[in-house]
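Fold and contact review
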Amino acid sequence: MANKTTFLRFKRSIWQVFAHVFVVSLFLASSVSAAPEVSSLRIGASKERTRLVLDMTQNVSFKIFSLDNPRRVVIDFPTVVWPSDDNSAKAQGLINKIRFGHFTDTQSRLVIDLSRPAVVAKSFTLAPASGLPHRFVIDLTETSASKFSQQVQDDRAKKQSVAAPAPQPEPELKSPSKRRESGEKPVIVIDAGHGGVDPGALGRHAREKNVTLAFAREYARQLRNTGRYEVYLTRNRDIYIPLRQRVTIARKHDADLFISIHADAIERKSVRGMSIYTLSETASDHEAAALARKENRSDIIAGIDFDDQPREVANILIDLAQRETKNLSVEFAKIVVNEARGATRLLDRTHRFAGFRVLKAPDVPSVLIELGFLTNSSDEKQLSSSAWRKKLAERLVKSVNAYFSPNRVARLAR
Ligand SMILES: [Zn+2]
């Protein structure tokens, strides 16, 4: 009897060992196939060169090119996991600032803002040695402005010879009232500003790209719950999307309304409150113009080469459509200002006009909402609160309901 128990116990422990080995090997398999991880970034500067080192869990392939206005060096990797702290490397020498994040589904990007014209003297990877992990190393040396421009030209020529970008045909302009007549649900596209390599405005704790995504998700959830709308998000995770592509997404879904969500930052920390913007080539005030310039920099921050982009379309048809679209956008903005009052602090002259690139779909009424200021501690606290998100999203759902109410639509049709 005693022997049998011992045998059973032995059998059980063998099974446990097997289970353990199985779990450990599963873990190993998954960690091998997982994306390489960047554990830290270091910058060292001497008189001759500035060196940036990335400590990594695996060897990676990379592609480097330079961009002008402002001067940048861009490095593309296959998808890697970045450290959560953006400020892990102190800028110095030829490096003014570095940014990193997801760029596309299969690519991660590191952007180096240069303080002076510089070229990549060396770039290479190192295998683990003397207790150090895999490393990616890039050495920058100072150069003249003209040599830098030449480098940009060369990189561009090389890129175009590899893959010429296919020009995107512009979708047909639709008739705005077609869907409402046929009784289909209105389509709403919610756009969480920034993302991935572009963090947007920074608060003491919060980052704009996370704040906008959390709000966009809550807003979309509430809109879907009404059962009255078809709702899409331009992004549902921490990924970079070019401004032009956000507009294209809205048009692809044949959207009736495009709402871009942002949060601002400003030097005067006392400034707080929500504001809403509609498109105008002439900004309503100096601050609005400055804000549009800042938000339009998103593509620059992410290292987009504008010479790769197809030319903006401009013709009379689009101009006409845009005029009608603008009136609808203004109408929605006014409804939002009325509904949001009481739910959150409003910036004075809450509705403003400026030339945001993301509002430029000629046939989709579009607004950009700045939820508040991450530089104001009260606003930052609100922007990070799920209760506040819920409350403000409720008011914005009411605004959408009012905008699509049969009475208002009938009045417009007259
Ligand atoms: Zn923004």
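Shown above is the structure to which this text applies.
The rules behind the values
Residues numbered from 1 in each chain as written. Predicted model: local features only at pLDDT ≥ 70, side-chain atom pairs only at ≥ 80, totals over all residues. Heavy atoms only, no water. Pairing = 2+ DSSP bridges. Helix = DSSP H or I, 4+ residues; strand = E, 2+ residues; numbered from the N terminus. Axes fitted to C-alpha atoms, helices over the stretch in contact; angles between N-to-C directions. Donors = N, O, S within 2.8 Å, 3.2 Å for Na, K, Ca; no water. Buried < 20%, exposed > 50% of the residue type's maximum accessible area, 1.4 Å probe, protein only. Core = buried A, V, L, I, M, F, W, Y, C linked by side-chain atoms within 4.5 Å. Contact = heavy atoms within 4.5 Å. Polar contact = N/O pair within 3.5 Å; in protein donor to acceptor, adjacent residues only side chain to side chain. Parallel < 35°, antiparallel > 145°, perpendicular 65-115°, else oblique. Left-handed = near helix turned anticlockwise from the far one by under 90°. Nonpolar A, V, L, I, M, F, W, Y, C, P; charged D, E, K, R; others polar.

**Concerning the sheet that holds strand 7 (residues 118-126)**
- Ordered in space as 1-2-8-7, the four strands form an open sheet in which the pairing is antiparallel. The open sheet has two edge strands, strand 1 (38-45) and strand 7, and neither has a second partner. Within this sheet the neighbouring strands show an average axis-to-axis angle of 15°, counted without direction.
- Here strand 7 runs beside strand 8 (residues 134-142); their pairing, made up of eight bridges, is antiparallel. If you follow Thr-125 over to strand 8, its bridge partner there is Phe-136.

**Describing the coordination of the zinc ion**
- Protein ligation of the zinc ion involves His-194 (NE2), Glu-208 (OE), His-262 (ND1), Glu-295 (OE) and Glu-295 (OE), the donor distances falling in the range 2.0 to 2.4 Å.
- Taken in sequence order, the residues that donate to the zinc ion follow the motif H-x13-E-x53-H-x32-E. Of this pair, His-262 sits in strand 11 (residues 257-264) while Glu-295 sits in helix 6 (residues 286-296); the two residues are 33 residues apart in sequence, bridging distant segments of the chain. Both residues of the pair, His-262 and Glu-295, count as buried.

**Some remarks on the nonpolar core**
- Ranked by internal contacts, the top residues of the largest apolar core, which has 44 residues, are Ile-190, Tyr-219, Ile-259, Ile-369 and Val-400.
- Filtering out sequence-adjacent residues up to four positions away, Val-400 remains in contact with Ile-188, Tyr-219, Leu-223, Tyr-229, Leu-257, Ile-259 and Phe-332.
- Membership of the second largest hydrophobic core comes to 26 residues, among which are Leu-54, Ile-75, Phe-77 and Val-152.

**Section: the environment of Lys-294**
- Relative to the elements of secondary structure, Lys-294 occurs in helix 6.
- On the basis of relative accessibility, which here comes to 39%, the residue Lys-294 falls in the partly exposed class.
- Taking C-alpha positions, Lys-294 is 9.2 Å from Gly-200, a pair spaced 94 residues apart along the chain.
- Of the polar contacts made by the side chain of Lys-294, one reaches the backbone oxygen of Ala-265; its length is 2.8 Å.

**Regarding the packing of helix 4 (residues 208-225) against helix 10 (residues 386-403)**
- Where helix 4 meets helix 10, the axes come as close as 9 Å, and the angle between the chain directions of the two elements is 50°. Here helix 4 is positioned oblique relative to helix 10, judged by the angle of their axes. Helix 10 is crossed by helix 4, and the crossing has right-handed handedness. Contact residues: helix 4 offers Ala-214, Phe-215, Glu-218, Tyr-219, Arg-221, Gln-222 and Leu-223, while helix 10 offers Trp-388, Arg-389, Lys-390, Leu-392, Ala-393, Glu-394, Leu-396, Val-397 and Val-400.
- Per-class residue counts for the contact of helix 4 with helix 10 are ten nonpolar, one polar and five charged.

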